[in-house]
Amino acid sequence: MTASGGIVDVLSWIAIVGGSAFLVIGAVGLIRFPEFWSRLHAISVLDSAGVLLLLLGMGLQGGLSLVTVKLVILGLFLLITGPTATHAVANAAFVSGLRPPIRSEDRAAVAATAAAATREPPASDGGPASGPSG
Amino acid sequence: MFVAAALAIGVAMVLTFIRLCTGPTLYDRVAAVNAFGTETVLLIGVIGFLTGRPDFLDIALLYALINFVGTIAVLKFFRYRALGDPVMTRTPDATPDARKNAVEAAAVAGAGSRPS
């Protein structure tokens with residue numbers, strides 16, 4: 001809180017304003033994106049960049065004390081559990097049968113790729129050692 | 001400046017709450033609840049700094065723990081329709097069906113990118 005920390009003050013304000021901007025951007029994406037699988041990307045922006053920048057700004061503002069230790073613990077915990085929770089939500093949605101929508105002009109190409117992928121394993125029985133190494 | 005951060009977090013919470021209320025699918029709502037909890041953790045920390053009492057970070061840490069466990073518990077309940085062990089909590093006559101469902105869910109989860 002002393003006047004000698006001018007640069008630290010400026011850095012912390014930049015981090016806090018950037019984190020707030022990322023939070024609002026992620027929330028707007030959560031509103032504006034058309035379907036579930038793209039909304040997960042907006043949530044990941046909010047979970048990683050917004051949280052880390054805001055915690056960094058608060059840590060720079062709080063100085064080197066027990067507050068910083070708590071902020072580091074909170075940041076590590078959110079950094080681990082945020083992607084884990086997002087993965088759990090996506091996995092539960094996938095298991096329940098929700099699939100990403102495919103554009104109608106891409107549907108034929110995706111179907112051909114899937115058919116080629118399912119036809120691939122029985123066709124590769126010619127060379128057992130040299131097949132999957134590529 | 002912490003006031004601006006708190007206002008931005010408030011705006012983000014309002015937008016997330018709109019998605020939470022209007023989410024078409026169940027998983028939109030679960031993801032929105034998770035994001036709302038993350039924003040609440042940040043808001044508690046910012047309010048702690050705003051009022052000059054950074055001890056609020058303990059509450060924020062506790063809220064982050066509860067948020068994660070709650071999200072995982074809700075997802076587990078929606079997949080297995082039970083919060084305990086998915087096989088043992090069923091009634092005896094429904095046990096084979098529950099075991100079959102659990103095995104199928106595990107197989108689908110392990111298959112990953114298999115085309116439907």
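For clarity, every value in this text was computed on a predicted model and none was experimentally measured.

**Structural notes on the overall build of chain B**
(1) Moving on: When you go through chain B residue by residue, the secondary structure sums to four helices and zero strands.
(2) Moving on: Mapped from its N terminus to its C terminus, chain B presents α and β elements in the order α-α-α-α.
(3) Moving on: Considering chain B as a whole, with its 116 residues, one finds that 39% of them fall into the buried category.
(4) Moving on: Restricting the contact set of chain B to residue pairs at least 6 apart, pairs at least 24 apart contribute 41%.
(5) Moving on: A total of about 6300 Å² of accessible surface is found on chain B, and carbon and sulfur atoms cover 69% of it.

**Observations concerning the packing of helix H3 (residues 66-95) of chain A against helix H2 (residues 26-50) of chain B**
(1) Moving on: Between H3 of chain A and H2 of chain B, the least distance of the axes is 10 Å, while the angle of their chain directions is 170°. It follows that H3 of chain A is roughly antiparallel to H2 of chain B by the angle criterion. Contacts between H3 of chain A and H2 of chain B pair Val67, Leu71, Leu74, Leu78, Gly82, Ala85, Thr86, Val89, Ala92 and Ala93 of chain A from the former with Tyr27, Val30, Ala31, Asn34, Val41 and Phe49 of chain B from the latter.
(2) Moving on: Grouping the amino acids of the contact of H3 of chain A with H2 of chain B by side-chain chemistry returns 13 nonpolar, three polar and no charged.

**A few points about the environment of arginine 29 of chain B**
All names here are of chain B.
(1) Moving on: With respect to the helices, strands and loops of the structure, arginine 29 is situated in helix H2.
(2) Moving on: Residue class for arginine 29 comes out partly exposed when judged on its relative accessible area of 33%.
(3) Moving on: Here the alpha-carbon distance between arginine 29 and isoleucine 18, two residues eleven residues apart in the chain, equals 10.0 Å.
(4) Moving on: Excluding residues that lie within four positions of it along the chain, arginine 29 makes contacts with Leu20, Cys21 and Gly23.

**Comments concerning the side chain of serine 20 of chain A**
(1) Moving on: Among the secondary structure elements, serine 20 of chain A is positioned in helix H1 (residues 6-32).
(2) Moving on: Residue serine 20 of chain A is classed as buried on the basis of its relative accessible area of 7%.
(3) Moving on: When sequence neighbours within four positions are dropped, the list of residues in contact with serine 20 of chain A reads Leu54 of chain A together with Ala5 and Ala8 of chain B.

**Quick notes on the interface of chain A and chain B**
(1) Moving on: Between chain A and chain B, the contact holds 47 residues from the first and 45 residues from the second.
(2) Moving on: Both faces combined, the contact of chain A with chain B buries some 3800 Å², and carbon together with sulfur accounts for 81% of it.
(3) Moving on: At the junction of chain A with chain B, the criterion picks out two salt bridges.
(4) Moving on: With a shortest N-O distance of 2.8 Å, aspartate 28 of chain B and arginine 39 of chain A are connected by a salt bridge.
(5) Moving on: Our count for the contact surface shared by chain A and chain B stands at six residue pairs in polar contact (both at pLDDT 80 or more).
(6) Moving on: If you list the elements that add at least two residues to the side of chain A that touches chain B, you get H1, helix H2 (36-62), H3 and helix H4 (104-123) of chain A.
(7) Moving on: Residue composition of the side of chain A that touches chain B, by class: 33 nonpolar, ten polar and four charged.

**Regarding the confidence of the model for chain A**
(1) Moving on: For chain A, per-residue confidence averages 82 on the pLDDT scale, and 85% of positions sit at 70 or higher.
(2) Moving on: The model gives residues 123-134 of chain A a pLDDT under 50, and that stretch makes zero contacts with residues more than four places away or in other chains.

**Topic: the packing of aromatic side chains**
(1) Moving on: On inspection of all chains with the given rule, the structure shows seven aromatic pairs over all chains.
(2) Moving on: With 6.4 Å between their ring centres and 55° between their planes, phenylalanine 36 of chain A and tyrosine 27 of chain B make a pair best called tilted. You can see phenylalanine 36 of chain A sitting in helix H2 and its partner tyrosine 27 of chain B sitting in helix H2, one on each of two chains. Note on accessibility: phenylalanine 36 of chain A and tyrosine 27 of chain B belong to one class, buried.
(3) Moving on: Between phenylalanine 2 of chain B and phenylalanine 49 of chain B the ring centres are 5.4 Å apart and the planes differ by 25°, which places this aromatic pair in the stacked class. Of this pair, phenylalanine 2 of chain B sits in helix H1 (residues 2-22) while phenylalanine 49 of chain B sits in helix H2, placing them 47 residues apart in sequence.
(4) Moving on: Here phenylalanine 49 of chain B falls in the buried class, since its relative accessible area comes to 12%.
(5) Moving on: Looking at arginine 99 of chain A, its charged tip hangs above the ring of phenylalanine 94 of chain A, at a distance of 3.8 Å from the centre.

Calculation notes
Residues numbered from 1 in each chain as written. Chains lettered and ligands numbered in written order. Predicted model: local features only at pLDDT ≥ 70, side-chain atom pairs only at ≥ 80, totals over all residues. Heavy atoms only, no water. Helix = DSSP H or I, 4+ residues; strand = E, 2+ residues; numbered from the N terminus. Buried < 20%, exposed > 50% of the residue type's maximum accessible area, 1.4 Å probe, protein only. Contact = heavy atoms within 4.5 Å. Areas by Shrake-Rupley, 256 points an atom, 1.4 Å probe, with all protein chains shown as cover. Axes fitted to C-alpha atoms, helices over the stretch in contact; angles between N-to-C directions. Parallel < 35°, antiparallel > 145°, perpendicular 65-115°, else oblique. Nonpolar A, V, L, I, M, F, W, Y, C, P; charged D, E, K, R; others polar. Buried area = accessible area lost by both parts, 1.4 Å probe. Salt bridge = Lys/Arg side-chain N within 4 Å of Asp/Glu carboxyl O. Polar contact = N/O pair within 3.5 Å; in protein donor to acceptor, adjacent residues only side chain to side chain. pLDDT = per-residue confidence, 0-100. Phe/Tyr/Trp six-rings, centres within 6.5 Å; stacked < 30°, edge-to-face > 60°. Lys NZ or Arg CZ within 6 Å of the ring centre and 35° of its normal.

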